[in-house]
Amino acid sequence: ASVLSGGAPLAGWSPVADADGARLANGWPAGAVLAADAREWPVEIKGVRAGGALLNRSRFPALHGDGLDTPNWLFAQAWSVPGNASAPGRHAAWIGIDGAKLRPPPRARADPLSALLGAYTHVLGCGEADVNSQLTKVVAVRNGSATAPPSALPSALPVPPSAAAQDGPALQVLFRNTFTLHQRFFLENVGWALSPGHFFHDEAAGVLYAWPADAAQRAALMGGEAVVPVLDRLVDLNGSSHVVVSNLTFADTTYYADGFWDGPAMQPSDAAVRLSDCHDVTVEACNFLASCGGHAVAVGNASRDCAIVGNLVDGVGQGGVVLYGKDSATPLPPNPKRGTAGGNNSQPRRVNVAHNVMQDLGRVLVHVAGVALRSASGCVVAHNRVQRCPRYGLQADSFYTTQNSLDNVFEFNILADTNRLTTDTGAIEMLGSGNPGLCGNGSAGWFTNNTVRFNNISHTVGSSSSDGSHVCVHGAGGPPGSCRGLVWGVYLDGGMSGATVHGNVIGATLHGAVFDNAGGNNSITNNVFVGGAGSSVLMNFGTAGGPANPDPVSGVVPSRDIAGSTVKRNIFYFGAGMGADGGVAGRAAAVASMVPWQDEELKNNGSNFNLFFAEEFDAAAVPLFPGGRNLTSWRAGKAPPPLLRCADGARASLVLSEDCSWAWELRADGDEAGVRLAPSAATVAARPFAAGVVVSIDCEGDWAHCSDPAGARTRVCMDAPHGALPVRNQAWSLGADATLRQLGGGACLQVCVRGGDVGGCNGKAGSILQLAACTGADNQRWSLGNGTALRPLGSASKGLCASPPPQAPFSSGADEHSIVADPLFVNPLRGDFRVAAGSPALKLGFEPIPPIEAPTARCAGGVSCLAMALRAVSTSGRSSDVLQM
């Protein structure tokens, strides 16, 4: 057995002299700090190991507690200048800093702001607060209008202007994306912030300073046991087959990714072991220790049939295992100092990641996961224990129309204490990146066939900041309204579709158990959802897509369509702490929506055979469902959807139909030069949702379109009557030649007919109605009486009638066969959610969840895996001895 180290010894440490300028400038106590000459070191120093102990880079504010709450952070001030978000690559930005927060030791002689030149900002949030991260060097500082140096930027990157109205201290950085005001950040590699257990690399002077935490660290440094990372990878396999990497311990790697969307995975992807275009390669029974600055393993570029099994990943700088099959649209050019091989947009396939322990991840960069599939297919991620992560436990992302992640299975994993530093996230996240109707296996949309089954998810934390003063951790720590609770157990985001979530035990931590956001055709079945005082929403839906569902306040039309999901045979359990009223102000919800509820979120009768139970309130009486409905009113039925109108886009166009029950009448409405065409009184009586609309012309954003006598760039659709407008787009005239002329531009209504059998334009049922220059052609002639159907006279359309497009079918209600009853868990207070033999859930078709098991690490609970693994190798020769299967 061997330890593979990517570092090299750095010797020659000596105490910093009392009269040393650096000690005086930074205010270090006499005799506390050691220094070593690093002028010839080949790379920037980002880590130091002293024997079995890891020294961290000095930071400000100093680490407080577990690093999550408010004292750990600074906040971007109002005079920040985010830079040009549309510029390619990195661009210049100013991060405003509250000068009063810069508190060097009282004895420090250096100006605390000027001393930040060359330090790093670790900004938590790029483009969206609290979501991603970026680690970027300070290239200039200013205090008011004074900038030092005048510009340390390449000439191609202009210095943004000062925000003079509220100008203050600011740090200039090269930022990959824009950032928002009040985003939180901390500073790294700050000389005057050096404290015990940390190091500071003065790159300009070529000196490495370390302040040992104790006598053992001091002896290790002085005794020649200091190791500093040089290499970013230790095993690099390209095009290899039938290779086994086994029983090795990996330590001391550096990193080059700087955070958000960086590297071939379009997120951090440095790794100690890299596989590219490999076949049948196994990485097993290895340790990846806290001195590794990147991931444990990266698999990319069409690698297939590989396995990552039985490894320990502890305290590494980034994530556990990353699979990448998606590169950026404009890849960065090859650069040895960047350290990452370019991706070629070829997915890894059939990779097995199983029986690993991954814990305390993201020590360097936050936007990572225990296992991340950044476009990969046919993979199995099973029996892993992932705990204490800054963001995801498991992640599978699709890039619709280009690189979909399909046919993956996440099963029998145990995930705990994930999303400790971020929000808008989930312990398991599956992301779509576009219209889910375009997602699929090549033959059908709305179907990724990704499966999340038999996982145990608990304590999904969530941290956020929105007021520039406080950080909320798990919903606490900020004033009312300042905490973003966007954290779920399973997060189907960005239009994810065709996924199955089955047989999981999910503690609905912070916001909810499952979030189905802007996608659909997902199956949520046979799960146990556990709610409590701080986690009251169990099944959550996001933005319903498409023009039929504009935001009721802003009027913004979502860009995606949705397809309803299925929620069946689940147990919704509200544990202790909710109160008799169902939680604080009735916050408990079995089914809820982040936006006003829309019935399209569920398939017809898509929620059924579920069991609801609460320990402290009546789950039948409390309104646990959208619209303030309890179970009885939820069952009573959903109103039919509103009539599609012009704002709903092309799908709202009038069509030909075999249903001739729609009757119409020409209504003068005071317009002497024309009349309005509207549903008849009898039609409105039978269809109340058809009240108050008339046949209109959608000018598609420009009144000139409706003035075109050829009818170009218009649609025939329904809309509310309006008063005087620049164009009379609701006025019609029935001529003696049986044409219906639109008086806004003089074009005529016709049935869409093209050569060949073109669906929607062949004169048959489903063909749209449109405007065209009046020619009196067969497809422009109509039969219409007062209160009769509107029938085309063309021979191709006989027996058909004009009507609005087909409406979604009426639903008879939801959860018709669901019940309220005690599920008879074995021991819910101790987290045992197995159901007893007589559970009423079994009668609904709920199937017992099989045992969910994963290995543990003997070095959990504060025991140093780094020291234990190195000791195990030196004594037994087996690095795998730190894993307990």
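Residues numbered from 1 in each chain as written. Predicted model: local features only at pLDDT ≥ 70, side-chain atom pairs only at ≥ 80, totals over all residues. Heavy atoms only, no water.

### With respect to the packing of aromatic side chains
This structure, assessed with the given rule, holds 19 aromatic pairs. Ring centres 4.7 Å apart and planes at 5° place the aromatic pair F250 and F288 in the stacked group. Remark: F288 occurs in strand 23 (residues 287–288) and F250 occurs in strand 20 (residues 248–251); sequence separation between them is 38 residues. For the pair shown, F250 and F288 are each scored as buried. Ring plane angle 90° and centroid distance 5.3 Å describe the contact between F612 and F625, whose orientation is recorded as edge-to-face. Placement of F612 in strand 52 (residues 611–614) and of F625 in the loop between strand 52 and helix 3 (631–635) is noted, with a sequence separation of 13 residues between them. With respect to class, F612 is no different from F625; both count as buried. Chaining the aromatic ring pairs together yields one cluster made of F529, F572, F612, F625 and W634. The residue whose ring lies beneath R569 is F609, and the NZ or CZ to ring-centre distance is 4.9 Å. (Phe/Tyr/Trp six-rings, centres within 6.5 Å; stacked < 30°, edge-to-face > 60°. Helix = DSSP H or I, 4+ residues; strand = E, 2+ residues; numbered from the N terminus. Buried < 20%, exposed > 50% of the residue type's maximum accessible area, 1.4 Å probe, protein only. Lys NZ or Arg CZ within 6 Å of the ring centre and 35° of its normal.)

### Description of the state of the cysteines
According to the stated counting rule, one finds seven disulfides in the structure shown. Through a disulfide, C699 is tied to C706; the S-S separation comes to 2.0 Å. On the S-S bond that ties C699 to C706, the torsion sits near -105°, and the link is left-handed. Given a relative accessible area of 3%, C706 falls into the buried group. (Disulfide = S-S within 2.5 Å.)

### Some thoughts on the nonpolar core
Counting residues in each nonpolar core, the largest one holds 75 residues, and the members touching the most others are F250 and F288. Contacts of F250, omitting those with residues within four sequence positions, involve L4, L234, V235, V245, A272, V273, C286, N287, F288, L289 and C292. With 27 residues, the next largest nonpolar core counts M718, W782, L800 and A802 among its residues. (Core = buried A, V, L, I, M, F, W, Y, C linked by side-chain atoms within 4.5 Å. Contact = heavy atoms within 4.5 Å.)

### Quick notes on the environment of A372
With respect to the secondary-structure elements, A372 resides in strand 30 (residues 369–374). For A372, a relative accessible area of 1% translates into the label buried. Distance from A372 to M430, taken between C-alpha atoms, is 9.9 Å for residues 58 residues apart in sequence. Leave out the neighbours within four places in its chain, and A372 touches Q267, V321, V322, L323 and Q395.

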